[in-house]
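Architecture and fold: a report
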2 protein chains.
Amino acid sequence: MAFAEFRPLDEKSLVEYIKAEPSLSSKLGDNLDGLTIQEVGDGNLNFVYIVIGSSGSFVIKQALPYIRCIGESWPMTKERAYFEAVALKEHGRWCPDNVPEVYHFDRTMSLICMRYLEPPHIILRKGLIAGVEYPLLAEHISGYMARTLFHTSLLYRSTTEHKSAVAEFCGNVELCRLTEQVVFSDPYKVSQYNRWTSPYLDDDAEAVRNDNALKVEIAELKSKFIERTQALIHGDLHTGSIMVTQESTQVIDPEFAFYGPMGFDVGAFLGNLILAYFAQDGHADGVNDRQKYKEWILRTLEDTWNLFHQKFIALWDKHKDGSGEAYLPAIYNNPALQHLVQKKFFEDLFHDTLGFGAAKMIRRIVGVAHVEDFESITDAAKRASCERRALELAKLLLKERRKFQDISGVVSAVRQIQ
Amino acid sequence: MAFAEFRPLDEKSLVEYIKAEPSLSSKLGDNLDGLTIQEVGDGNLNFVYIVIGSSGSFVIKQALPYIRCIGESWPMTKERAYFEAVALKEHGRWCPDNVPEVYHFDRTMSLICMRYLEPPHIILRKGLIAGVEYPLLAEHISGYMARTLFHTSLLYRSTTEHKSAVAEFCGNVELCRLTEQVVFSDPYKVSQYNRWTSPYLDDDAEAVRNDNALKVEIAELKSKFIERTQALIHGDLHTGSIMVTQESTQVIDPEFAFYGPMGFDVGAFLGNLILAYFAQDGHADGVNDRQKYKEWILRTLEDTWNLFHQKFIALWDKHKDGSGEAYLPAIYNNPALQHLVQKKFFEDLFHDTLGFGAAKMIRRIVGVAHVEDFESITDAAKRASCERRALELAKLLLKERRKFQDISGVVSAVRQIQ
């Protein structure tokens, strides 16, 4: 271990750290002359350094014992780096093409060294704001979700493996509590951290706080979030946790990972795509009215769900006689029955996905953390109008999710809000 | 620690053990002359010794590393004694009147020393077979279930406390797997352990194995059993895990305890009451046609659920501004909303209860472990007829549980099977 005690790294001590860790310096060809080091953490929780040497590169991510954007007033265990590292490795095992490789983990320093996602990789959210199409996005992200969620669930695992992994991730409770607060609680009550595009959305935010039907639904989802240990979920799978190029899709930042409901991940992604969709009118200008791009987003939404469904079922079929203990082959041994249980499983997962996706949308409009998709619309009135439409759709999805049969029904609902 | 290594106790080594444990010998007034020791384990998993001295008494329960009734061919971790001791203490904390006090626990020896439930305490199941009414049973058991389930759930606890307790009980996985196998799997497939009243129920057992709709439902319940960490449940709350007198109701044997769905406990109790009901015709004779007793059982069934509902809601209302993190007071702060979320919570719990209760009934008729209620009916044709009616009701409950609105509807369904 390079350093015996935790200390937040600066550029100088980072170099000392690399020197003292043979596995890291060897990644740079043991040549630390002319290193480029750049701090790029635009998140809320960590330092992120890009380290580039003459013959190699990596990223160093260090968790700090508080939420960075708010400061030391909001403490947050740095042990989350441990869970992030375990999740990166576990998800990477099942989906190496879409998860950056972990080179080194130091629990004392809460530090992960991993593959540097070189340019032109950018955060997907920024690409969506810029109106860039990613033709492989749906294909990649659906594969990532299908593989990681399937293989860490009881469809693939024995109860023994499952309970042992569940127990370990119970330790990531502080991050789970943060999600509980910012997604399932704060938007539905008066909170010092909430904000919204005021005064335009004052009535809308108040309406959320006074909507009994909405609060009944959010309570059910919150319980499911805490109590249902369905799979090792990423826990924060929005479009800011994904880096993309035209050919590559990489999922990063699983520090919120734990055993939770699959629909929380799928919903996070789809919900953030819908936010991106509703933000487009705010980014339209004389040169580009964004109409074509909006269609691409809706197609991506639809393709992502349908491909996810397809790939997940294909994994299930492939492993139906395997080690998973949820549906024993001796019981679910005929095609008609297999089809029935898969249909029921996916109906439930679809409704979970819509509910969690809607919850993630709502919190981005009236909760503490907003999204750049809307924030970058400088005209507040225009921004509020985009946000209001997203909020209306989210409330509909949350309350009426059980009435939706398939993703094309969701796409229609999105269009109808226009 | 009295003994440095695990060894199964016999009557002789038991006395040595007591001598070496001051806390035990002092319970007997430090006088071990003229001890009465009786081995009474009629369960499948353990030795149970009743120890009575001139000035005190207790029970010693020791877990063996296999399932006793089947022999060493079915190994079973003796660590279950640890989880039983923790559950007895936790449940006893919330419901001391209905849980025997733990005097001493020895993890190495897998040994629990606890209060001796002196005569006329008998196993409730035996009382039900004998046709004895217990006027306080519904009152007591509803209180036990309401208090233990409420206080170990997120309605009372913080997420932090909850996840830590969940993680610990993930260790009781072998017992959970046993339940998975004997309740949710074996009855629905060909298994060497299954048995039924043959040849009378051969077609019925086969029909269970071929019932796709039933298998779809049992899969959903099995997933919920494994994945939903709702509360610290007893895990085996049938009428053989309860000792009673006219004034006292004591819940014993929580070695299957873990964080699971509340409905599994409530359903186990109600399901076993229904089994007792359907067994009565087999116990009827010229002196007693058992018609009055059957009415008492149905009344107890109905009272238990209604009182459980009442008491649980009363605890919820009492603690609604407390430490529980599921429904924060700042959000669920008006009586109409409070009523709405409670109604929804209990609808779900009711349907879970019926599903799990039905699953517990089915496994007692076509699975490995049967109930004395039926086994004590010596006329096989008569026994099969009682069992068949119970099985028909259970299949109806499992498949149609969502259509039942309240417990009186269940009672009507029970009557209609007659």
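Residue indices begin from 1 for each chain and proceed along its sequence in written order. Note on labels: chains are lettered from A, ligands numbered from 1, in written order. With pLDDT at 70 or above as the cut-off, local features in this predicted model cover only qualifying residues; side-chain atom pairs require 80 or more to be listed or tallied, and sums for whole chains, interfaces and linings still use all residues. Calculated side-chain values reflect all of the structure's heavy atoms, with hydrogen atoms and water omitted.

As recorded in an unreviewed UniProt entry, chain A goes by S-methyl-5-thioribose kinase and comes from Ficus carica. The heading Sequence similarities (unreviewed entry) in the UniProt record of chain A holds the text "Belongs to the methylthioribose kinase family." UniProt positions are given in the numbering used here, feature names are shortened, and annotations may be inferred rather than shown by experiment.

Another point: the overall build of chain A. Secondary structure is summarised from DSSP: a helix means a run of H or I of at least four residues, a strand means a run of E of at least two, and numbering begins at the N terminus for each. Along chain A, the regular secondary structure elements total 15 helices and 10 strands. Just to be clear, the radius of gyration here is over C-alpha atoms, and the globule rule we use is 2.2 Å times residues to the power 0.38. For 418 residues, the compact-globule formula gives about 22 Å, and the C-alpha radius of gyration of chain A, at 22 Å, lands near that figure. C-alpha extents for chain A along the principal axes are approximately 60 × 60 × 40 Å. Buried, partly exposed and exposed residues are distinguished by accessible area as a fraction of the type maximum, computed with a 1.4 Å probe on protein chains only: under 20%, between the cut-offs, and over 50%, respectively. Counting over 418 residues, chain A shows a buried share of 62%. Here, two residues are considered to be in contact whenever any of their heavy atoms come within 4.5 Å of each other. Taking the intrachain contacts of chain A between residues at least 6 apart in sequence as the baseline, contacts between residues at least 24 apart amount to 73%. To be clear on the numbers: accessible area is Shrake-Rupley with a 1.4 Å probe, and residue cover counts the displayed protein chains and nothing else. Total accessible area computed for chain A in this model is approximately 15400 Å², and 49% of it derives from carbon and sulfur atoms. Counting 47 positive and 57 negative side-chain charges, chain A places the averaged centre of each group 3 Å from the other. Neither His nor the chain ends is counted toward charge; the positive residues are Lys and Arg and the negative residues Asp and Glu. Lys charges are placed at NZ, Arg charges at CZ, Asp charges at CG and Glu charges at CD.

This part is about the packing of aromatic side chains. Here the aromatic set is Phe, Tyr and Trp, taking the six-membered ring for Trp, and pairing holds for ring centres within 6.5 Å; pairs whose planes are under 30 degrees apart are stacked, those over 60 apart are edge-to-face, and all others are tilted. Applying the stated criterion across every chain yields a total of 56 aromatic pairs over all chains. On the numbers, 5.8 Å between centres and 65 degrees between planes, the contact of Phe169 of chain B with Tyr259 of chain B is edge-to-face. Here the residue Phe169 of chain B occupies a position in helix 6 (residues 159-169), and Tyr259 of chain B occupies one in strand 10 (residues 258-260), the gap between them amounting to 90 residues. With 5.3 Å between their ring centres and 90 degrees between their planes, Tyr277 of chain B and Phe278 of chain B make a pair best called edge-to-face. Side by side, Tyr277 of chain B and Phe278 of chain B carry an identical accessibility label, which is buried. Positioned above the aromatic ring of Phe6 of chain A is the side chain of Lys78 of chain A, whose terminal nitrogen or guanidinium carbon lies 4.6 Å from the ring centre. Two conditions define a charge located above a ring, namely a distance within 6 Å from the ring centre to NZ of Lys or CZ of Arg, and an angle within 35 degrees of the ring normal.

This brings us to the relation of the copies chain B and chain A. The pair of chain copies shares a relation made of a rotation about an axis and a shift along it. Of the two same-sequence chains, chain B is brought onto chain A (RMSD 0.0 Å, axial shift 0.0 Å) by a rotation of 180 degrees. Classification of the inter-copy transformation places it as that of a two-fold axis. Relative to the rotation axis, the closest C-alpha in chain B is found at Ala167 of chain B, a distance of 2.0 Å. Of the interface residues in chain B, 100% have counterparts in chain A that sit at the interface too, so the contact is made through matching surfaces. Copy-to-copy superposition: least squares on the C-alpha atoms, limited to residues that have pLDDT of at least 70 in both copies.

Time to look at the sheet that holds strand 9 (residues 249-251) of chain A. Residue and element names in this part refer to chain A. Any two strands between which DSSP finds at least two bridges are classified as paired. Reading across the sheet, the 3 strands line up as 6-8-9 and stay open at both edges, with antiparallel pairing between neighbours. Each having just a single partner strand, strand 6 (122-123) and strand 9 make up the two edges of the open sheet. Pairing of strand 8 (residues 242-244) with strand 9 involves 3 bridges; the strand directions are antiparallel. Bridge pairing in strand 9 links Met243 to Gln250. Together, strand 8 and strand 9 form the strand contacts of helix 5 (residues 137-151), whose direction differs from that of strand 9 by roughly 35 degrees. Helix axes are fitted to C-alpha atoms over the stretch in contact, other axes to C-alpha atoms as well, and angles between N-to-C directions run from 0 to 180 degrees.

Quick look at the interface of chain B and chain A now. Between chain B and chain A, the residue contacts involve 46 residues of the former and 46 residues of the latter. Buried area adds together the accessible area that both of two parts lose upon being put together, with accessible area traced by a 1.4 Å probe. Of the roughly 3900 Å² buried at the junction of chain B and chain A (both faces included), carbon and sulfur atoms supply 59%. Taken as a group, Lys163, Glu227 and Ile331 of chain B account for 18% of the area that chain B buries against chain A, more than any other trio of residues on that side. Salt bridge, as used here: a side-chain nitrogen of Lys or Arg that lies within 4 Å of a carboxyl oxygen of Asp or Glu. At the boundary of chain B with chain A, the tally comes to 6 salt bridges. The partner of Lys344 of chain B in a salt bridge is Glu220 of chain A, with the nearest N and O atoms 2.7 Å apart. Any pair of N or O atoms that falls within 3.5 Å is considered a polar contact. Within protein, one atom must be able to donate a hydrogen and the other to accept it, and sequence-neighbouring residues count only if both atoms are side-chain atoms. Seen at the junction of chain B and chain A, the total is 18 residue pairs in polar contact (both at pLDDT 80 or more). Those elements that place two or more of their residues in the side of chain B that touches chain A are helix 6, helix 7 (173-185), helix 9 (212-227) and helix 12 (335-366) of chain B.

Another aspect to go through is the pairing of strand 3 (residues 56-63) of chain A. All names here are of chain A. In terms of burial, strand 3 is largely enclosed, as 7 of its 8 residues are buried. Two elements, strand 2 (residues 46-53) and strand 3, share 8 bridges in a ladder whose sense is antiparallel. Residue pairing in the sheet places Phe47 in a bridge with Gln62 of strand 3. Inspection of the sheet shows strand 3 paired to strand 5 (residues 111-114) by 4 bridges, in the antiparallel sense. When the sheet's bridge partners are listed, Lys61 is paired in strand 5 with Ile112.

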